[in-house]
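Examining the three-dimensional arrangement
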Amino acid sequence: MSTNYLLAFTTHPDQAAATAMAKVLVEQKLAACVNIIPGLTSVYRWQDTIETDAEVLMLIKTRHDQIDALIETIRQQHPYELPEIIAVPITYGLEAYLAWIDQSTRAE
């Protein structure tokens, strides 16, 4: 199975910000699909202080060759100074679904 596909993760402070970002990523064909999961609590160290915040998790399906543009788009539009952007390879999946990711993220 090819690792041409990635599942990227990022968080946003609220549903509205996550939805706006998801629409940009799908419209620009940087993502085939973005799942937005509310109700996340993040505990992290930031500038030597332990923080606890409510956040929204985004699961982004994309292709490996789109990840640099996807990261740059998120960085430019994200409300956080240092957004979480992590991607892991999709090593297996339904062939028709992977083909759909491919089709949905290709320039016309």
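All of the points below concern the structure found in this document. (Residues numbered from 1 in each chain as written. Predicted model: local features only at pLDDT ≥ 70, side-chain atom pairs only at ≥ 80, totals over all residues. Heavy atoms only, no water.)

1. Brief notes about unusual backbone geometry
For Lys 29, which is not glycine, the phi dihedral falls at a positive 60°. Summarising the element assignment, Lys 29 is placed in the loop between helix H1 (15-27) and strand S2 (33-46). (Helix = DSSP H or I, 4+ residues; strand = E, 2+ residues; numbered from the N terminus.)

2. Things to note about the packing of aromatic side chains
Under the defined criterion, the tally for this structure stands at one aromatic pair. Where Tyr 97 meets Trp 100, the ring centres are 5.3 Å apart and the plane angle is 40°; that geometry is what we call tilted. Of this pair, Tyr 97 and Trp 100 both sit in helix H3 (residues 95-104), three residues apart, which is roughly one turn of the helix. Judged by its relative accessible area of 32%, Trp 100 falls in the partly exposed class. (Phe/Tyr/Trp six-rings, centres within 6.5 Å; stacked < 30°, edge-to-face > 60°. Buried < 20%, exposed > 50% of the residue type's maximum accessible area, 1.4 Å probe, protein only.)

3. Focus: the side chain of Gln 66
For Gln 66, the position within the fold is in the loop between strand S3 (49-63) and helix H2 (67-77). Its relative accessible area of 14% is what places Gln 66 among the buried residues. The residues touching Gln 66, leaving out its near neighbours within four places in the chain, are Lys 29, Leu 30 and Thr 105. (Contact = heavy atoms within 4.5 Å.)

4. Section: the pairing of strand S1 (residues 5-12)
A large share of S1 lies buried, amounting to six of its eight residues. Relative to S3, S1 runs antiparallel, the two being bridged by eight bridges. Following the sheet pairing, His 12 is matched in S3 by Val 56. Bridge count between S1 and strand S4 (residues 86-90): five bridges; the pairing is antiparallel. (Pairing = 2+ DSSP bridges.)

5. What to know about the nonpolar core
Among the nonpolar cores identified, the biggest contains 15 residues, and Leu 25, Ala 31, Val 34, Met 58, Ile 60, Leu 70 and Ile 74 are the most heavily contacted of them. At the level of elements, S1, H1, S3 and H2 are the ones that each hand at least two residues to this core. In this structure Met 58 touches Ala 8, Phe 9, Thr 10, His 12, Ala 18, Met 21, Ala 22, Leu 25, Val 34, Asn 35 and Ile 36, once residues within four positions along its chain are discounted. Listed in part, the five residues of the second largest apolar core include Tyr 5, Ile 90, Leu 98 and Ile 101. (Core = buried A, V, L, I, M, F, W, Y, C linked by side-chain atoms within 4.5 Å.)

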